[in-house]
Amino acid sequence: MRIDIVTLFPEMVEAVLNTSILRRAREKGLVTFRVVNLRDYATDKHRTTDDVPYGGGGGMVMKIEPIARALDALTAEACGAQKPRVILTDPRGRQFTQELAREWAKESHLVLLCGHYEGVDDRVRQHLVTDVVSIGDYVLTGGELPALVIADAITRLQEGVLGDQEAPEKDSFAEPILEYPHYTRPVEFRGWRVPDILLCGHHAQIARWRRQQSLRLTRDLRPDLFNRLTLSADDLKLLDEEITVPPKSRKHLPVTSESLEETASQQERGKDTDGTRTRDHS
Ligand SMILES: C[S@@+](CC[C@H](N)C(=O)[O-])C[C@H]1O[C@@H](n2cnc3c(N)ncnc32)[C@H](O)[C@@H]1O
């Protein structure tokens, strides 16, 4: 897949594309990024790309001619192949979502156009682009961050970019549901212990716990998504169930200062330490 980003600030865009997973995807040739400096398509000696707005008012507006020349050149390069999807970043556009990322990830060539200042001469939106997209209801200083957000979301969906373990099907929004919580070492920090269920090695119970956490988080944090979910009979049961560590798996739980204290106090009280340790932090 090829993604072109047309911008007045190529260094800003390159810095992100040359970092971490995007960089690896680029190096492996899984995605071809091309950062296009809009000033290269200005023809006057000052390489002007903006001008004052007709009708007055403050701020500057990005001119149509350099944008049209840049888009013509990029489209011509696609020679023979399907014309690229040309996307204008604009707070007034259609909201970018994971669903849109999945759809656009199937394209062979995207061009992302970054506005700046007051925005872009509206004839660009009317005549030169195929899509107008916003990354949320707030106004940023330029389209570089939105273009990078879109490029990132689409790149990680390309085959081979993420390892199997990080498969995008498991992410939030793969279905209208949030992802379950993750934990890593240490098992205890400031007395905050990782849920025992994740430490017990019982994979079926862990899978049930994760599904339960996803359902509960979505219900509590994003009722709008939750209302779109089709819940199975098992999901409905899971929402109210208390998931505990199966007795046979308790021996796998690591010992921490907290569990040692617990054991000591149970022993003091003369209790059987093995039979009662099933605390779930959900
Ligand atoms: C300061 S903004 C222009 C805002 C415009 N005057 C308005 O009120 O809608 C400059 C550029 O940043 C980009 N931009 C800012 N916020 C954005 C958002 N939420 N989503 C997508 N692009 C955005 C667009 O490319 C826009 O042309």
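Structural data are supplied above this passage.
Here the structure is a predicted model, which means the values were calculated and not measured. (Residues numbered from 1 in each chain as written. Predicted model: local features only at pLDDT ≥ 70, side-chain atom pairs only at ≥ 80, totals over all residues. Heavy atoms only, no water.)

### Observations concerning the overall build of the protein chain
Next, step 1: A count of helical and extended segments in the protein chain gives ten helices and nine strands.
Next, step 2: In the protein chain, which comprises 282 residues, the share counted as buried stands at 41%.
Next, step 3: Taking contacts inside the protein chain between residues at least 6 apart in sequence as the whole, the part at least 24 apart equals 74%.
Next, step 4: With the model as given, the accessible surface of the protein chain reaches about 16200 Å², and the carbon-plus-sulfur share is 51%. (Helix = DSSP H or I, 4+ residues; strand = E, 2+ residues; numbered from the N terminus. Buried < 20%, exposed > 50% of the residue type's maximum accessible area, 1.4 Å probe, protein only. Contact = heavy atoms within 4.5 Å. Areas by Shrake-Rupley, 256 points an atom, 1.4 Å probe, with all protein chains shown as cover.)

### Some words on the packing of aromatic side chains
Next, step 1: A full pass over the atoms with the stated rule returns two aromatic pairs.
Next, step 2: Between the aromatic rings of Phe 96 and Trp 104, the centroid separation amounts to 6.0 Å while the plane-to-plane angle is 35 degrees, which identifies the pairing as tilted. In this pair, the class of Phe 96 matches that of Trp 104, namely buried. (Phe/Tyr/Trp six-rings, centres within 6.5 Å; stacked < 30°, edge-to-face > 60°.)

### Focus: the nonpolar core
Next, step 1: Counting residues in hydrophobic clusters, the biggest one holds 26 residues, and the most contacted among them are Ile 3, Ile 5, Phe 96, Trp 104 and Ile 154.
Next, step 2: Elements with a minimum of two residues in this core: strand S1 (2–7), helix H1 (10–17), strand S2 (32–37), helix H4 (98–104), strand S6 (109–113) and helix H6 (144–155).
Next, step 3: Examining the composition of this core, we find that six residues originate from one element, H6, more than from any other.
Next, step 4: Not counting chain neighbours up to four residues away, the residues in contact with Trp 104 comprise Met 1, Arg 85, Ile 87, Phe 96, Leu 110, Asp 131, Val 133, Ile 150 and Ile 154.
Next, step 5: The next biggest cluster of nonpolar side chains, apart from the first, holds 18 residues, and it includes Tyr 41, Val 86, Val 120 and Val 129. (Core = buried A, V, L, I, M, F, W, Y, C linked by side-chain atoms within 4.5 Å.)

### Thoughts on the sheet that holds S6
Next, step 1: Reading across the sheet, the five strands line up as S2-S1-S6-S5-S7 and stay open at both edges, with parallel pairing between neighbours. Looking at the sheet topology across the chains shown, the edges are occupied by S2 and strand S7 (131–134). Here the average twist between neighbouring strands, direction ignored, is 30 degrees.
Next, step 2: Sheet topology note: the S1/S2 ladder contains six bridges and is parallel. Bridge pairing in S2 places Ile 3 opposite Phe 33.
Next, step 3: Where H6 meets the sheet, its contacts fall on S1, S2, strand S5 (85–95), S6 and S7, and the angle it forms with S1 comes to roughly 175 degrees. (Pairing = 2+ DSSP bridges. Axes fitted to C-alpha atoms, helices over the stretch in contact; angles between N-to-C directions.)

### Some points on the site of the ligand
Next, step 1: Within the structure, the ligand sits among 19 residues, and Thr 89, Gly 115, Glu 118, Tyr 138 and Leu 140 are positioned closest to it.
Next, step 2: Between the ligand and Gly 143 there is a distance of 3.4 Å, counted from an oxygen atom to a backbone nitrogen or oxygen.
Next, step 3: Relative to its unbound accessible surface of 580 Å², the ligand loses 84% to contact with the protein.
Next, step 4: Secondary-structure elements contributing two or more residues to the shell around the ligand are S5 and S7.
Next, step 5: The leading source of residues in the shell around the ligand is S5, at three residues.
Next, step 6: Residue composition of the shell around the ligand, by class: eight nonpolar, nine polar and two charged. (Near = heavy atom within 4 Å. Polar contact = N/O pair within 3.5 Å; in protein donor to acceptor, adjacent residues only side chain to side chain. Nonpolar A, V, L, I, M, F, W, Y, C, P; charged D, E, K, R; others polar.)

### A look at the side chain of His 109
Next, step 1: Here His 109 is to be found in strand S6.
Next, step 2: Here the side chain of His 109 touches Arg 2 through a polar contact of 3.4 Å, side chain to side chain.

### Regarding H6
Next, step 1: Here H6 contains twelve residues, and its C-alpha end-to-end distance of 16 Å stays within 8% of the 16 Å for a straight helix at 1.5 Å per residue.
Next, step 2: H6 sits mainly inside the fold: nine of its twelve residues count as buried.
Next, step 3: The set of residues buried in H6 consists of Glu 144, Pro 146, Ala 147, Leu 148, Ile 150, Ala 151, Ala 153, Ile 154 and Thr 155. (Expected span 1.5 Å × (residues − 1).)

### Let's talk about the pattern of salt bridges
Next, step 1: One pass over the structure, following the stated rule, counts 21 salt bridges.
Next, step 2: For the salt bridge of Arg 92 with Asp 122, the shortest nitrogen-to-oxygen distance reads 3.8 Å. With Arg 92 in strand S5 and Asp 122 in helix H5 (residues 122–128), this pair connects stretches of sequence that are 30 residues apart.
Next, step 3: Looking at Arg 92, the relative accessible area reads 61%, which means it is exposed.
Next, step 4: We classify Asp 122 as partly exposed; its relative accessible area is 27%. (Salt bridge = Lys/Arg side-chain N within 4 Å of Asp/Glu carboxyl O.)

### Focus: the packing of H1 against helix H2 (residues 20–27)
Next, step 1: Closest axis-to-axis distance for the H1/H2 pair is 7 Å, and the angle between their directions is 85 degrees. Considering the angle they form, H1 stands roughly perpendicular to H2. From H1, Glu 14, Val 16 and Leu 17 reach across to H2, where they touch Leu 22, Arg 23 and Arg 26. (Parallel < 35°, antiparallel > 145°, perpendicular 65-115°, else oblique.)

### Observations concerning a nonpolar patch on the surface
Next, step 1: A surface patch of nonpolar side chains, about 360 Å² in accessible area, is lined by Met 12, Tyr 138, Leu 140 and Leu 145.
Next, step 2: With respect to the helices, strands and loops of the structure, Tyr 138 is situated in the loop between S7 and H6. (Patch = residues over 30% accessible without salt bridge, like charges linked within 9 Å, V, L, I, M, F, W, Y side chains within 5 Å.)

### Comments concerning the environment of Gly 115
Next, step 1: Looking at where Gly 115 falls in the secondary structure, it is placed in the loop between S6 and H5.
Next, step 2: On the basis of relative accessibility, which here comes to 9%, the residue Gly 115 falls in the buried class.

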